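Survey of secondary and tertiary structure
The lines below spell out each chain.
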Amino acid sequence: MNMMEIEKKWQNYWDEHQTFRAINNDNTKKPYYILVEFPYPSGAGLHVGHVRSYTAHDAMARMKRMQGYNVLFPMGWDAFGAPAEQYAIKNHIHPKEAVKENIHNFKRQMKTLGFSFDWSREFSTADPEYYKWTQWQFLQFYKHGMAYKATVPVNWCPNCKSVLSNEDAAGGVCERCGTQVVQKEKDQWMLKMASYAEDLLKGLDDTHFADRVKLGQINWIGKSTGAEVDFKVDGHDESFTVFTTRPDTLFGVTYCVLAPEHPLVLKITTDEYKEDVIEYTKKCSLKNEMERTELNKEKTGVFTGAYAINPVNNEKIPIYISDYVLVSYGTGAIMAVPAHDERDFEFAKKFNIPIIQVLAPSTDLSTLEPLTKAMEGDGVHINSSFLDGLNKEEGIKKILSFLEEHHIGKAKVNYKMRDWIFSRQRFWGEPIPMIYCEHCGWVPMDEKDLPLLLPDVTEYEPTDNGESPLAKITDWVNTTCPKCGAKAKRETDTMPNWAGSSWYFLRFMDAHNEKEFANMDIMKYWGKVNWYNGGMEHTARHLLYARFWVQFLYNIGLVPNKEMIDIRVSHGMILGSNNEKMSKSKGNVINPDDVVKEYGADTLRVYEMFMGDYQQDVSWSTESLRGCNRFVNRVIKIGEKLNDKEGYQNPSSIHKTIKKVSDDLVTLKFNTAVSALMILLNEMEKYPDGITKDEYRVFLTLLNPIAPHITEELNEQYSLGKPLCESAWPIYDENLIKDTEKTIGIQVNGKLRGEVVVCEDDTTDTVKEKVEKIENMQKYLQDKEIVKFIYVPNKIVSIIVK
RNA sequence: GCCCGAGUGGCGGAAUAGGUAGACGCACAGGACUUAAAAUCCUGCGGGUGUAAUAGCCCGUGCCGGUUCAAGUCCGGCCUCGGGCACCA
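Here the residue numbering is sequential within each chain, running from 1 through the sequence in written order. Chain labels run from A onward and ligand labels from 1 onward, assigned in the order the entries are written. Only residues with pLDDT of 70 or above have their local features reported here, since the model is predicted, and side-chain atom pairs are shown and tallied only from 80 upward, although totals for entire chains, interfaces and linings are computed over all residues. Side-chain numbers here rest on the full set of heavy atoms in the structure, without hydrogens or water.

Re the overall build of chain A
By the criteria applied, helices consist of DSSP H or I runs no shorter than four residues and strands consist of E runs no shorter than two, each listed in order from the N terminus. When helices and strands are tallied, chain A shows 26 helices and 27 strands. In terms of overall dimensions, chain A has a C-alpha envelope of 100 × 85 × 50 Å along the principal axes. Three exposure classes are used, based on accessible area relative to the maximum for each residue type with a 1.4 Å probe and protein chains only: buried under 20%, partly exposed in between, and exposed over 50%. Residues classed as buried in chain A amount to 52% of the 802 residues present. Every residue pair with non-hydrogen atoms within 4.5 Å of one another is taken to be in contact. Excluding contacts between residues fewer than 6 apart, the proportion of contacts in chain A whose partners are at least 24 apart in sequence is 72%. For accessible areas, the Shrake-Rupley method is used with a probe of radius 1.4 Å. Any residue's cover is judged against the shown protein chains and nothing else. A total of about 36800 Å² of accessible surface is found on chain A, and carbon and sulfur atoms cover 49% of it. In this charge count, Lys and Arg are treated as positive and Asp and Glu as negative; neither His nor the chain ends contribute. To locate a charge, take atom NZ for lysine, CZ for arginine, CG for aspartate or CD for glutamate. Averaging the positions of the 97 positive and the 114 negative side-chain charges in chain A gives two centres separated by 1 Å.

Some thoughts on the pairing of strand β25 (residues 751-759)
When strand β24 (residues 741-748) meets β25, the two strands line up antiparallel, connected through eight bridges. Paired with Gly745 across the strands is Glu755, a residue of β25. Two strands pair under a simple rule: DSSP has to find at least two bridges between them. Counting the residues in the hairpin turn of β24 and β25 gives two residues, including Asn749, whose phi is positive at 50°.

Looking at the nonpolar core
Across soluble globular proteins, nonpolar side chains show a tendency to be buried alongside one another. Nonpolar cores are built from buried Ala, Val, Leu, Ile, Met, Phe, Trp, Tyr and Cys residues. Side-chain atoms within 4.5 Å join them into one set. Counting 167 residues, the largest nonpolar core has Met110, Phe138, Phe505, Leu506, Phe517 and Trp620 as the members making the most contacts within it. Membership of the second largest hydrophobic core comes to 36 residues, among which are Val265, Val277, Val312 and Leu403.

Quick word on the side chain of Asn70
Relative to the helices and strands, Asn70 resides in strand β2 (residues 70-72). The class for Asn70 is buried, based on a relative accessible area of 4%. At a separation of 2.9 Å, a polar atom in the side chain of Asn70 contacts the side chain of Tyr525. We call two N or O atoms a polar contact when they sit within 3.5 Å, provided that within protein one can donate a hydrogen and the other can accept it, with sequence-adjacent residues counted only if both atoms are side-chain atoms.

Focus: the side chain of Thr304
Within the secondary structure, Thr304 is located in strand β9 (residues 302-309). Judged by its relative accessible area of 0%, Thr304 is buried. Of note is the side chain of Thr304, whose polar atom sits 2.7 Å from the backbone oxygen of Ile319. Non-local contacts of Thr304, meaning those with residues more than four positions away in its chain, are made with Ile268, Thr269, Thr270, Tyr273, Val277, Ile319, Tyr320 and Ile321.

A look at the packing of aromatic side chains
Note on aromatic pairs: the rings of Phe, Tyr and Trp (six-membered ring only in Trp) are paired at centre separations within 6.5 Å, and the planes decide the class, stacked below 30 degrees, edge-to-face beyond 60, tilted for the rest. With the rule as written, the count across this model stands at 54 aromatic pairs. Each ring, one from Phe422 and one from Trp549, has its centre 6.2 Å from the other, and the planes form 40°; the classification is tilted. Of the two residues, Phe422 is situated in the loop between β15 (420-421) and β16 (434-437) and Trp549 in helix α16 (residues 541-555); the sequence distance between them amounts to 127 residues. Exposure remark for Trp549: the relative accessible area of 0% places this residue in the buried category. Aromatic pair Trp498 and Tyr545: ring centres 5.7 Å apart, planes at 50°, arrangement tilted. Here Trp498 is found in the loop between β19 (487-490) and α14 (504-507), whereas its partner Tyr545 is found in helix α16, with 47 residues between them in sequence. Using a relative accessible area of 9% as the deciding quantity, one classes Tyr545 as buried. Criterion for a charge above a ring: Lys NZ or Arg CZ within 6 Å of the ring centre, and within 35 degrees of the ring normal. Positioned above the aromatic ring of Trp14, the side-chain terminus of Arg62 is 4.4 Å from the ring centre. Lying over the aromatic face of Trp476, Arg490 brings its terminal NZ or CZ to 5.7 Å of the ring centre.

Focus: unusual backbone geometry
Cis geometry is found at the peptide bond from Leu450 to Pro451, where omega equals 0°. Position of Pro451 among the secondary structure elements: in the loop between β17 (441-444) and α13 (474-477). The phi dihedral of Asn579 falls on the positive side, at around 75°, and the residue is not glycine.

Some points on the pattern of salt bridges
Each salt bridge in this description consists of a side-chain nitrogen of Lys or Arg and a carboxyl oxygen of Asp or Glu lying within 4 Å of one another. What the rule picks out here adds up to 29 salt bridges. Of the charged contacts, one joins Lys562 and Asp199 as a salt bridge, the two residues approaching to 3.7 Å between their closest N and O atoms. Here the residue Lys562 occupies a position in the loop between α16 and β21 (565-569), and Asp199 occupies one in helix α6 (residues 197-203), the gap between them amounting to 363 residues. What makes Lys562 partly exposed here is its relative accessible area of 29%. Assessed through its relative accessible area of 27%, Asp199 is described here as partly exposed. Linking Asp762 and Lys770 is a salt bridge whose minimum nitrogen-to-oxygen distance equals 2.7 Å. The class of Asp762 is buried, set by a relative accessible area of 16%. The class of Lys770 is partly exposed, set by a relative accessible area of 25%. The network of salt bridges with common partners includes Lys9, Glu713 and Glu716.

Side note on the confidence of the model for chain A
Taken over all residues, the pLDDT of chain A has a mean of 91, while the share at 70 or more is 96%. Interface scoring of the predicted complex returns ipTM 0.95; its pTM is 0.93. The predictor attaches a confidence to each residue, called pLDDT, with possible values from 0 through 100.

A look at the sheet that holds β24
Here we have four strands laid out as an open sheet, ordered β25-β24-β27-β26, and mixed in their pairing. Edge positions in the sheet fall to β25 and β26 (786-792), since each has one partner strand and no second. Taken over all neighbouring pairs, the strand axes of this sheet differ in orientation by 20° on average, direction set aside. Where β24 meets strand β27 (residues 796-801), four bridges bridge the pair, whose relative direction is parallel. Opposite Ile746, over in β27, you have Val797 as the bridge partner. To obtain an axis, a line is fitted to C-alpha atoms, over the contacting stretch when the element is a helix, and the angle between two such axes runs from 0 to 180 degrees between their N-to-C directions. Set on the sheet, helix α25 (residues 764-773) makes contact with β24, β25, β26 and β27; between it and β26 the angle comes to about 115°.

Looking at the sheet that holds β19
Across the sheet, which stays open at both edges, the four strands sit in the order β17-β16-β19-β18 with antiparallel pairing between neighbours. The strands lining the two open edges of the sheet, one partner per strand, are β17 and β18 (478-480). Sheet twist, expressed as the mean angle between neighbouring strand axes with direction ignored, is 45°. One ladder, built from four bridges, connects β16 with β17; its direction is antiparallel. Across the sheet, the residue bridging to Met434 is Pro444, located in β17.

So, a negative patch on the surface
On the surface, a cluster of negative charge is made up of Asp271, Glu272, Glu275, Asp276 and Glu279. Here Glu272 is to be found in helix α9 (residues 271-286). Accessibility expressed as a relative area gives 65% for Glu272, which makes it exposed. A residue counts toward a patch only above 30% relative accessible area and without a salt bridge, and it is joined to like-charged neighbours within 9 Å or, for Val, Leu, Ile, Met, Phe, Trp and Tyr, to nonpolar neighbours within 5 Å.

Some words on the environment of Tyr131
Following the sequence through the fold, Tyr131 ends up in helix α5 (residues 128-143). Considered as a pair, Tyr131 and Leu453 are 322 residues apart in the sequence and their alpha carbons are 8.9 Å apart. Only 3.1 Å separates the side chain of Tyr131 from the backbone nitrogen of Leu454, close enough to count as a polar contact.

Concerning the environment of Met445
Here Met445 shows up in the loop between β17 and α13. For the pair Met445 and Ile435, spaced ten residues apart in the sequence, the C-alpha separation amounts to 6.6 Å.

Looking at helix α1 (residues 3-17)
Any helix carries an expected span of 1.5 Å times its number of residues minus one. Here α1 spans 21 Å end to end across 15 residues, near enough to the 21 Å set by a 1.5 Å rise per residue. Within α1 the residues assigned to the buried category are Met3, Ile6, Glu7, Trp10, Gln11, Tyr13 and Trp14. Within α1, the buried residues cover an arc of 155° as seen down the axis, which keeps them to one side. Facing away from the buried side of α1, by more than 90 degrees, are the exposed residues Glu5 and Glu16. Looking at the buried positions of α1, the neighbouring elements they touch are α2 (48-66), α4 (95-112), α17 (592-599), α18 (601-610), α19 (622-637) and α23 (708-717). The backbone nitrogen of Met4 has a side-chain oxygen 3.0 Å away, supplied by the residue at the start of α1, namely Asn2. Note: the arc covers the axis-to-C-beta directions of the helix.

Here we look at the packing of α17 against α18
One way to put it is that α17 packs onto α18 with a least axis distance of 7 Å and a crossing angle of 115°. Between α17 and α18, the residues in contact are Pro592, Val595, Val596 and Tyr599 and Ala601, Thr603 and Leu604, respectively. When its residues are assigned to classes, the contact of α17 with α18 shows six nonpolar, one polar and no charged. Asp, Glu, Lys and Arg are counted as charged, while Ala, Val, Leu, Ile, Met, Phe, Trp, Tyr, Cys and Pro are counted as nonpolar; the rest, among them Gly, fall into the polar class.

Structure representation (structure tokens):
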């Protein structure tokens, strides 16, 4: 058999018959939306890891279609991104040309693997017809006060004169030229994502994401409950606010710390310390975020000469500045309780600041020993005036009401998640449809003028001052103000890579709508994405961005649900045969094209489903792949043993397999689905009179979602019925699955000593009789007293003897 | 440091709610077919002990303890590996 030809033949058949085309608003069928993350079309082509998740969900989609669902299983391209831009800079061709080629290659590979995507809905995020709506949605963010410009620090290479991503500035040096990277303030578009923190947290309850995915999101949002407390600066009118999760330790505060960027720093610093402070602040500004948060870094800082007043006891405490306090979290200032915070403890030790213990393991103060490290957990309050004797929870409650009563603080919730920096100084992204006018300020483009197209040019290098390459294209930049008609300039930043992927699943529902990003009725019809599969590396960022985007659209009435994704799952990685991540440099990369050429697409598909637990990492094994190839060949070979009988020779095995495969394909247990089919094949091969057409047909149907080409071919070759992709999925009969007889184990005093055949409705007494008759059991039962006889129906017999 | 995930034969992995651990596959060994090899088919395959063989017995799911008639599975305490976050107050 020529696999290449057979596969091509059926791939053409599916194309010609539009077998996998999903119909919008088809009310004769239940909708079912299965989504796999669309890839970034890199030059490297499809990875075997893509094949794993695509095959898995393809199998699901194919079964669901046969079960009568209207299945939406789309594919597209996340086409904006840095690699295409780098390539363009080097070769002076427009990135869209390189992307076009890569897409062509990806699509070819996907076709050879037989994925049942509805190609009629294909699009790329870099298509103007698509990014028109990404821009349009940005305008909605802007119009609803959710987008704003802010000055934020970025990594800046003074040599290359360009803004670097954190990845390109790893270790604090520019990846390209090795120059020390500095922090530079830059105006960026921001989306007010932090204001959605609580909703994004709560919304998780309306989803069925895998636990590890939910946890990833929860951690990223980083909710922490505590209080804000106001501290007056001694001898000044100024005061500052700190955030703490432990207001109950206020009596243990021995100093305060402001972030070096805190606005109050220079105002309160005394002349004596001014020089030190300025120097320290300067030093910090040279470090990027990576360096500042470096592992196990020793604490640094300087005293400002100023003192704060602890509002609960009026103690004078020194104010330091240190970069262990981040300006971007909380209030950028902390109260330090060295006795009960590890970082404060370390700092206090280094700067010889007193440490006051306000929590003890017990109330017995005579046993109190000096702390060798901070005591961070619960305990009993001491040295804390009206909090003495209370535990952590009680203490927090009491101090909160005290703070609120005296107007010196209040309960406060903080989130780690920040607003979304939505600007990139890059060429290859969606242009931000904003115009700057000297008179009117920032003015949104008129919606009817969208899309704002990326210009066709030949130079993509960044400009000298770190502006996007678009800034050099003066024809494009210079425009008129939509409001007053005066000369104005376009925004030259583009959107981040995550923009287009934040709503593509909505577009798939209604991919070619020219009037709106997607029609409401159509979105209502499809409802939520039933299954969304993607890599674990996207659980924090992509998935949160997408959920934020959807929640916003929901709040302004443009999508039917606040959460549009129901189940999110993540496949495990496929590692090289040496157990390491596949990479060119390690030489352990497997190219799906080669495997398809040598063994056929079906073998690759079966192997990737069989190789292990879908959600777990596995390493590649060509031997194991060959084993799956043997299985496929045996499926072909058993066709020669077709007899002219009808029905099932062993209905129980067939129905059990139907149940097993049907269940496993929607619970991600693809490996045991394949194994069940192997077991059935092993059994059928042993039938003395060959197999019936009915048996072959049902077997091929069950295998079809995983190995769609060869099963269709065999089905046709032996005239077993109409094409499987147009046939119904078999239904099992519960009655035929039940075993009337079963062999179960017999335990005596907890040890397995024999086995017995029981019938389904045997009573304990009948089983006991049976067991007592078994010869081999005599030596365990004779001359012994049976203390207890346990029979767990159809499971086990357990006897206790004395 | 914190948060996940995982530790089961030579290997990838099975084991619905605690109920005969090792399904299925790979590798390996022996045999059949072949002039020979490959392919294919058959048999065996956790360790130990034991038997002419069958049987029998002991140990065994990272380690230590516990609950239970019964623990890979539940509980407590560790260890190792993989991944993510990382001075978030």
